[in-house]
Each structure stands twice: as C-alpha cells, then as structure tokens.
Amino acid sequence: MAVPEHDQGDTLLSHGDHRPPAVAPLSFLVPDMSDAAESPASSPSGLPSESALKSLRRTTHTQILRSERIFQLALRLGGVFILLLFATVLGVSVVEAWPSIEKFGWSFLWNPTWNPHRHIFGAWTYLVGTFWVTGIALLFAIPIAILSALFLSDYAPKWLVGGVSTLMEMLAGIPSIVFGAFGIIFVVPLMRDHVEPALANTLGRHFDFFSGDAMGYGILSAGLVVGIMVIPLVATVTRDSLIMVPRETVEAAYALGSTKAEMVYFVKLPAVMPGIIGSVILGFGRALGETMAVLLLIGNQASVPTSIQDVGYTISSLLANTFTYAVIDPLFSAAEIELGLILLVISLVVNTLGRELLLKLMGGRLAGSVGGG
Amino acid sequence: MPGRWAVAETRLPEKGLSLYRQIRNVVLGGLTGIAFFVAVTPLLAIIYIAYDRGKEALSLSFVTSMPSGFPVGIEGGILNGIAGSLILIVLASLLSVPVGVWAGLYLWDQSHTRLAGITRLLSDLLLGVPSVIWGVVGFYVFSTNTGWGFHWGFSGLAAGLTLGFIMIPIVTRVTEQALRDVPRSYIEGALALGATRFQVMRDLAIPAAITGIGTGILLGVLNVLGQTAPLVFTNYYNTGIPHSLVGSNGSVGDLAMQIFIYIHEPSKALHVKAMAAALVLTVIVLLLDMGIRLLSWGSRKYARKA
C-alpha cells in the first residue's frame, strides 16, 4: 500500500528476462476496475462525479465478476481432464477384465494354472515371479541406494557433490530398454559363465535355493538389472530428505560428543526414516511395473521359481509379450487385463503410501517417475 | 560460524575415542563411498558397453539412412526410428501440453478447493501407473477394432496419444510447481492493484513461470522418449516411414522399439546395431536432460536476482 506505483513496476521489471509482465499489470490500473472481492470501495480523486463513478463501477463489477466466474469454471475443466484420464485408466482395466473377474472370482489370485486352451487362468505364477524380481531388485538396491545417498549428503567432498549428484540424477533417465539390451549383452554372459556357476558351487552345495543350471537368463539377472535401474531413484529421493535435516539437530549430536558416523546413524537416519521408507516404496512401485528389461532377461517361462537361478515370468512382461495374441480370445485377454489390474491396484496403493510419507517431509516437492518402460 | 566449526572438528583425528568408535566412524564413511561407486559404475558401464559393442556400426550414415538387408536392419541405419520417435513425441506433446498446462493452471489457481486436492492426488497417482497398463488402455481407447474406441489400428497416432496420456501428469505437476515458485508477493501485489485473477495469470504468473513450464514439457518428453511397452500395444514397429498415421499402414518406427526388436533377434550383427542404437538413444536422452538442467538452472539464477 505504502509503496508508490513505479516501485511496484521496478520490482516486476527486475524479474529476469520477463519484461512484458512488468508493464502489463500497470496497464489496467484504471481506478474503477478494483476487484470486487478484494477492495469494496476506494474513491480515487480526479474523476468527474460521484454518481457517474458509482454506476460505472457497478457495471464493471458485474462484468468482471461474470468473466472471472467463467474463467474459473473454464480452468476447472483442466482438472476434469485429469479426473477423466484416471477414470479411463481404471474404467478400461475393470471393464475389459470383467469376464475374468466374474468367472474366476478371488481364486484367480492363488490359482497356479494358466492354460489358455482349457480356459483356466490363475495369477499365482506371475504374482510370485513379479515379487521375486522386485524383491531381488530391492534387496540389492536399498542398501546401496541409502549408503550412496549418505555419501552425497554427508561424506562426499564439497567440490564433488554437485557433479556426482547431477550424474546420479541424469543416469536415472536412461531408458529401460537400454538397460535390457545391456543385460542381454553383458549381464547374461557374466551370470552364465561366472556368477551362477560360482554360486552353485559354493552356497548351492548346501541350499537348493542357490543351485541351478546357470543359464544366465532368470530372476537373478532380471532382479539385478532392475535393481541397478531403481538405485538412482531411491538414492536421489533419500538424499533430498537427508539434506533437509535441520542443522541444529546435527550440531546437537556433535555437541554431545558423537562421531560423524554416530551422528549419521543415531540422529540423521532416524530423523528421515519416513523419507527413506517413502523412497523405498517409490522404488518398489517402479520395480514392480518394470517391463522391457525384465521381458528381455527373465527367460519368460511360466513356472514358479524355486531357486534364485530359475527362469520365471512377471505380470508386466507377460502382458507385453503375449497380449497381442490374447486379444483374439475374450476370456484370455480378460485374464491378462485382470493381471494388469492387480498390478495397477498394487502400484496405486504403493504410490499413495509413498506420496503421503514424502509429502509430509518435503512439503509438496515430490520426485516422481513413470514406472516401467 | 558454529556449524562450520562442528564439521571441521570431526575431520580432526579423534584422539580421545575408543578404538571401536574410531573404526566404526571410518567404516561407515568408507561404506558410503564404496556404495556410491557400486551404484554409479554399472550406469556408466552401460554407456561404455553400448559404445564398445556398437562402435562398428556407428557412423554418420547410421543415423541418416533407412534399415535394409535381410533380416531387415542388418544394413543401413536407424533413420526410421529417429523419425518415428520424433513423430511420436510431437503427437504426445500436442495432446499433453495443452491439457497438462491447463490442469496445472487449475491446480495452482484453485489450489485449496476439494476438487483440486482430489485432482492433485489422482495426477500424482497417474505418475505411478505402470507403462504396460498405459499400453493396455491405449490399445482399448485407440487401437482396437472392436467395441468402443477410435479404431485406429496399430498406428502412430494411437501410440503418440498414448504417450501423451503418460506425459499429462508430468506436465501438470511441473507446471503447478513452476507457478507456485512465482513469489506470492507479486501475485498479491497485482491483486491489490485491482487486477483480476485472469489478468494475474496471463500477464504475471505464466510469463514468470514459462521457463519452469518449458522444463516440465521437456521432462515429459524425456520420460516418454524411451518408453517401449506402450508401443508394443499400440504401434509396434515399421521399417520405413509411413504416409499416414492412422489405419493398418500407420505404424511408425521408434528408436526404443528398434532396439528391442534388434536385440531380440539371434543375430550378432543386429546386436551390434542394437547397441549402437542404444547409444544414440542414451545420448539423446542425456543431452535433453542436460538441456533441462541448464534451463532450470538459468531460471533459478534469474529468480534469485529478482
């Protein structure tokens, strides 16, 4: 209020390269166009007569109110698009999966048979395969991701932090198909010739869980590659929450005589636990929907894995691989879409949880990325 | 500065500590460094291996010629994929930029209403929808020849709009965030001077947030560029460039899909081509990423000055 008009203009003008708005807000500064909601009656001097001004103001008010109303309704349409899009996703999945839901009911979830010729469908094999791959990926990714986040937030030398953080974030953008191709060219031969025989000869002698015929393809390769993909996501989100720990908390820990490791372990990590859990949940959602890399690496065989070297099948890779054949048969395609619906419901639940945890901590700045690829 | 002093103190050799605490201190620090190395090495290895295995195929003509020979792709390059990816991105942007920016404006303008809260939640949830599901939805909305939908067949238009669906929530979220970063005092100042909300949005908020919105669009493109799964359901692949984007001959080529098909073939020569194409795709993605960073870094620098 106390600020003269030209000062207002200067503030706007200095806002970087955006010059047009600097002049534009001043252009509508005619006295009678005051916003009805904000300031009811200000009577500026220098206008012809009080009554003429009143009537003029009344008409402009009505006009402005009307146009504002239309404008707000028009904006609301943008929100409606999002609602419609969400309804389309959920609606298409439910409607197209309905024949299968109707026929198999809940037993679809734990029925291990998947036989398109005899029209018996059950999700168990694919659910287990999906959770195996996700589990291996997260077991591999979580410790590495959290420790790297600590490295970025606390341990890396100052001159290194900016560069390596950016590197980490950029590597998160490498497309999943590139990971899949890398898996086939590099990880599969490595696993087949070195890792899996070694695993079978050591742990495999005592536990069947680690033995196998060393094919290279399988849940282990798929899980590892998905783990590599998930690390940057979990690490950057964890890092973002770690750097939000207040300076005072850290200093209090030092003042009590703790070493750096004790400060990190006993003070910092507990303080950002919701953020870490949130980032892990986001990583879980990402790993769950991973399609192309898994499709190329898991071996695509509908069997429940009993060993870490076994081949398997995940929901998303089954859909990407066989959906185009399945469309011919209504029940077959419905069963596949019901699998997709299960995946969708799990990701929606997981993402809601992760969002709530992270929103509380970060106040709205949510790191998100599209699952799969 | 007491804070700086505390940090400097921990760097000194800690004389009075028990051996166990000293070791523990060093071990955690060392572990974080090792973990970071383990995290970044494979990611850099991907780029190196793509270059190493694909360098035989890499040349200027690789990106400027169409695939040929038998099996298709054994000779020639990946021009069909590059052109197709470009077409898909343009189509996806045509859908998602207006809708996403519109929704972002709505979320910003009426941010405290109940409907906006629900919209924000759903838009965030759409971010996490797996890409196979987008493929299935795209198939039933655009591609299928039975039931409801547009009946466009496996075509570029179907795939482009499906990718547009994926982009919408990304553009929405970043647009809203960019608008929120416009200082509250600007908006309030304009409103106090009598501007209507429409004028505030048109003359103040959008110009101030335009860099952020641009960043959001590029971020969406980045996310969509490597998507393969939705294309399996809506477009598949084309070894040439189509004359139409709708109907049974409307499929376009796509870089990601091309890598998938080449790597799926039991042919060493095609694997080389696949790795070269993977390198091209990775380089495009990383360059785009770098552009986004420069753009948002520049806009933040301006925002600080203001």
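Residues numbered from 1 in each chain as written. Chains lettered and ligands numbered in written order. Predicted model: local features only at pLDDT ≥ 70, side-chain atom pairs only at ≥ 80, totals over all residues. Heavy atoms only, no water.

**Details of the packing of aromatic side chains**
1) Next: Considering all chains together, one arrives at 26 aromatic pairs over all chains under this definition.
2) Next: Ring plane angle 80 degrees and centroid distance 5.1 Å describe the contact between F209(A) and F210(A), whose orientation is recorded as edge-to-face.
3) Next: Relative to F233(B), the ring of F323(A) lies with its centre 5.3 Å away and its plane at 50 degrees, an arrangement referred to as tilted. Of the two residues, F323(A) is situated in helix α12 (residues 315-326) and F233(B) in helix α10 (residues 229-234); the pairing between them involves two chains.
4) Next: The structure contains a cluster of three or more aromatic residues connected by ring pairs, namely F104(A), F108(A), W114(A), F121(A), Y126(A), Y313(A) and F332(A).
5) Next: Stacked on the ring of Y155(A), the Lys or Arg K260(A) has its end atom at 5.0 Å from the ring centre. (Phe/Tyr/Trp six-rings, centres within 6.5 Å; stacked < 30°, edge-to-face > 60°. Helix = DSSP H or I, 4+ residues; strand = E, 2+ residues; numbered from the N terminus. Lys NZ or Arg CZ within 6 Å of the ring centre and 35° of its normal.)

**Regarding the interface of chain A and chain B**
As a measure of interface size, the accessible area lost when the parts come together is often cited.
1) Next: At the junction of the two partners, chain A supplies 106 residues and chain B supplies 109 residues.
2) Next: Across the chain A/chain B interface, buried area totals approximately 9800 Å², and carbon plus sulfur atoms make up 76% of it.
3) Next: Where chain A meets chain B, there are four salt bridges.
4) Next: Linking R21(B) and E262(A) is a salt bridge whose minimum nitrogen-to-oxygen distance equals 2.6 Å.
5) Next: One can count twelve residue pairs in polar contact (both at pLDDT 80 or more) joining chain A with chain B.
6) Next: With 20 residues, the top contributor of residues to the side of chain A that touches chain B is helix α3 (residues 50-104) of chain A.
7) Next: Broken down by class, the residue content of the side of chain A that touches chain B amounts to 60 nonpolar, 33 polar and 13 charged. (Contact = heavy atoms within 4.5 Å. Buried area = accessible area lost by both parts, 1.4 Å probe. Salt bridge = Lys/Arg side-chain N within 4 Å of Asp/Glu carboxyl O. Polar contact = N/O pair within 3.5 Å; in protein donor to acceptor, adjacent residues only side chain to side chain. Nonpolar A, V, L, I, M, F, W, Y, C, P; charged D, E, K, R; others polar.)

**Quick look at the pattern of salt bridges**
1) Next: This structure, assessed with the given rule, holds 18 salt bridges over all chains.
2) Next: Between R239(A) and E169(A) there is a salt bridge, and its shortest N-O distance comes to 2.9 Å. With R239(A) in helix α7 (residues 219-242) and E169(A) in helix α5 (residues 158-171), the pair connects residues that are 70 residues apart, well separated along the chain.
3) Next: For R239(A), a relative accessible area of 9% translates into the label buried.
4) Next: R355(A) is the salt-bridge partner of D124(B), the closest N and O atoms lying 2.5 Å from each other. With D124(B) in helix α5 (residues 114-127) and R355(A) in helix α13 (residues 330-362), this residue pair bridges two chains. For the pair shown, D124(B) and R355(A) are each scored as buried.
5) Next: Through salt bridges that share partners, E169(A), R239(A), D240(A), D289(B) and R293(B) make up one connected network. (Buried < 20%, exposed > 50% of the residue type's maximum accessible area, 1.4 Å probe, protein only.)

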